[in-house]
Amino acid sequence: AIEFQEQSLAISREIGNRQGEATALGNLGLAYYYLDNIHRAIGYYEQSLSIFREIGNKQDEGNTLGDMGNAYLHLCDPRRAIGFFEQQLVITRQFGDRRGEKRALGSLGGAYKYLGDVRRSIGFLKQARAIAREIGDRLDEGITLGNLGEVYNILGDAQQAITLYEQALEVNRETGNQQAESDNLNKLGIVYGQLGETQRAIVLFEQSLEIDRKIGHRRGEGHALCNLGNVYKDL
């Protein structure tokens, strides 16, 4: 991807296509983000953002602000991330971009969860879920339900967390989002483990592990193995 985007960037600069240049820079940022080279990703995002502002492309400016926020959240700087997500939210609402608004609200929910402000997190996530349902984005609705479940578990409301995780799993399976399905199986297993239902937790972790190995999700595989280890230790 980086090789192709670098070619695109070179051609866009050669012919003076500023929109194409900004898009290629943003895509390079995404590629380096997925490689966990976050500082380099931010450098590309900043260049992309500058051009989008120069040419007055507010919609892509909003998307890039969201990417910047995700990068800083990845660097464990949620307060700085929130600043970018708030700017993204303002722009998406100005232009009636409901899908972008949903992304910004979901990101704000995640950032406030990271800060431990779970009440505010729930407020943003519920707004994001409402828009996902309104526009028929079942894939993102499933992700948001899982995030809500995690926040309610932090609050100590295990039953509500279980309900939300089960709803999330139903949507994950409907949409074929196996990575989210695995993540929510893991989270559901953690709740049952906390409730002392160890055998039920083991079954959920094993289901998660099976999916992770099938799709090559190494990070999820590590989480499932760690959770299984903790459960067997408790036994």
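See the structure shown above.
**Q** Honestly, the overall build of the protein chain in this entry has me stumped. Any pointers?
**A** Within the protein chain, the regular secondary structure consists of 12 helices and zero strands. The C-alpha atoms of the protein chain give 20 Å as radius of gyration, which agrees with the globular expectation for 235 residues (18 Å, within 12%). Considered along the principal axes of its C-alpha atoms, the protein chain spans approximately 65 × 35 × 30 Å. Across the 235 residues in the protein chain, those meeting the buried criterion constitute 47%. Excluding contacts between residues fewer than 6 apart, the proportion of contacts in the protein chain whose partners are at least 24 apart in sequence is 49%. Carbon and sulfur atoms make up 47% of the accessible area of the protein chain, which amounts to about 11900 Å² in all. When the 27 positive and 32 negative side-chain charges of the protein chain are each reduced to one mean point, those points stand 4 Å apart.

**Q** Looking at this structure, I do not really get the packing of aromatic side chains. What am I missing?
**A** Two aromatic rings, taken as a pair, are described by how far apart their centres are and by the angle between their planes. Within this structure, the stated rule accounts for four aromatic pairs. For the pair Tyr72 and Phe84, a centre-to-centre distance of 5.6 Å together with 5° between the ring planes defines the contact as stacked. One end of the pair, Tyr72, is in helix H4 (residues 58-74); the other, Phe84, is in helix H5 (residues 78-94), with 12 residues separating them in the sequence. With a relative accessible area of 13%, Phe84 lands in the buried category. Aromatic side chains Tyr112 and Phe124 sit 5.6 Å apart centroid to centroid with 10° between the ring planes, which places their arrangement in the stacked category. Of this pair, Tyr112 sits in helix H6 (residues 98-115) while Phe124 sits in helix H7 (residues 118-135); the two residues are 12 residues apart in sequence, bridging distant segments of the chain. Across this residue pair, the class does not change: Tyr112 and Phe124 are buried.

**Q** Would you explain the side chain of Lys102 in this entry?
**A** By the element assignment, Lys102 lies in helix H6. Reaching out from Lys102, the side chain makes a polar contact with the side chain of Asp137 at a distance of 3.3 Å.

**Q** Would you mind showing me how to read helix H2 (residues 18-34) here?
**A** For an α-helix, 3.6 residues make a turn, and residues three or four places apart therefore share a direction. For H2, which comprises 17 residues, the first-to-last C-alpha distance of 25 Å matches the rise-based estimate of 24 Å (1.5 Å per residue) to within 8%. Turning to H2, its buried residues are Gly20, Glu21, Ala22, Ala24, Leu25, Gly26, Leu28, Gly29, Ala31, Tyr32 and Tyr33. Each element contacted by the buried residues of H2 is listed here: helix H1 (2-15), helix H3 (38-55) and H4. With a side-chain oxygen positioned 3.3 Å from the backbone nitrogen of Gln19, the residue opening H2 is Asn17.

**Q** What am I meant to see in unusual backbone geometry here?
**A** Positive phi, close to 65°, is recorded for Asp36, a residue that is not glycine. The class for Asp36 is partly exposed, based on a relative accessible area of 43%. The phi dihedral of Cys76 falls on the positive side, at around 65°, and the residue is not glycine. Mapped onto the elements, Cys76 comes out in the loop between H4 and H5.

**Q** Got a minute to help me understand the side chain of Asp212 in this structure?
**A** Mapped onto the elements, Asp212 comes out in helix H11 (residues 198-215). Despite its burial, Asp212 pairs with no opposite charge; the closest candidate is Arg213, at 8.1 Å N-O.

**Q** Would you mind showing me how to read the environment of Asn147 here?
**A** With respect to the helices and strands, Asn147 occurs in helix H8 (residues 138-155). Measuring from C-alpha to C-alpha, the distance between Asn147 and Asn184 comes to 8.9 Å, with 37 residues separating the pair along the chain. Excluding residues within four positions of it along the chain, Asn147 makes contact with Leu125 and Lys187.

**Q** I tried to follow the pattern of salt bridges on my own but got confused; where do I start?
**A** A complete count under the given rule lists 23 salt bridges for this structure. Between Glu21 and Arg18 there is a salt bridge, with the nearest N and O atoms lying 2.9 Å from each other. Separated by three residues within a single helix, Glu21 and Arg18 lie in helix H2, roughly one turn from each other. Judged by its relative accessible area of 8%, Glu21 falls in the buried class. Two residues, Glu61 and Arg53, come together in a salt bridge whose shortest N-O distance is 3.0 Å. Overall, Glu61 belongs to the buried group, its relative accessible area being 6%. Residue classification places Arg53 among the partly exposed residues on the basis of a relative accessible area of 42%. Three or more residues are tied together by salt bridges with common partners; here these are Arg129, Arg133, Arg138, Glu141 and Glu174.

Reading the values: the criteria
Residues numbered from 1 in each chain as written. Predicted model: local features only at pLDDT ≥ 70, side-chain atom pairs only at ≥ 80, totals over all residues. Heavy atoms only, no water. Helix = DSSP H or I, 4+ residues; strand = E, 2+ residues; numbered from the N terminus. Rg over C-alpha atoms; globule rule 2.2 N^0.38 Å. Buried < 20%, exposed > 50% of the residue type's maximum accessible area, 1.4 Å probe, protein only. Contact = heavy atoms within 4.5 Å. Areas by Shrake-Rupley, 256 points an atom, 1.4 Å probe, with all protein chains shown as cover. Lys, Arg positive; Asp, Glu negative; His and termini not counted. Charge placed at Lys NZ, Arg CZ, Asp CG, Glu CD. Phe/Tyr/Trp six-rings, centres within 6.5 Å; stacked < 30°, edge-to-face > 60°. Polar contact = N/O pair within 3.5 Å; in protein donor to acceptor, adjacent residues only side chain to side chain. Expected span 1.5 Å × (residues − 1). Salt bridge = Lys/Arg side-chain N within 4 Å of Asp/Glu carboxyl O.

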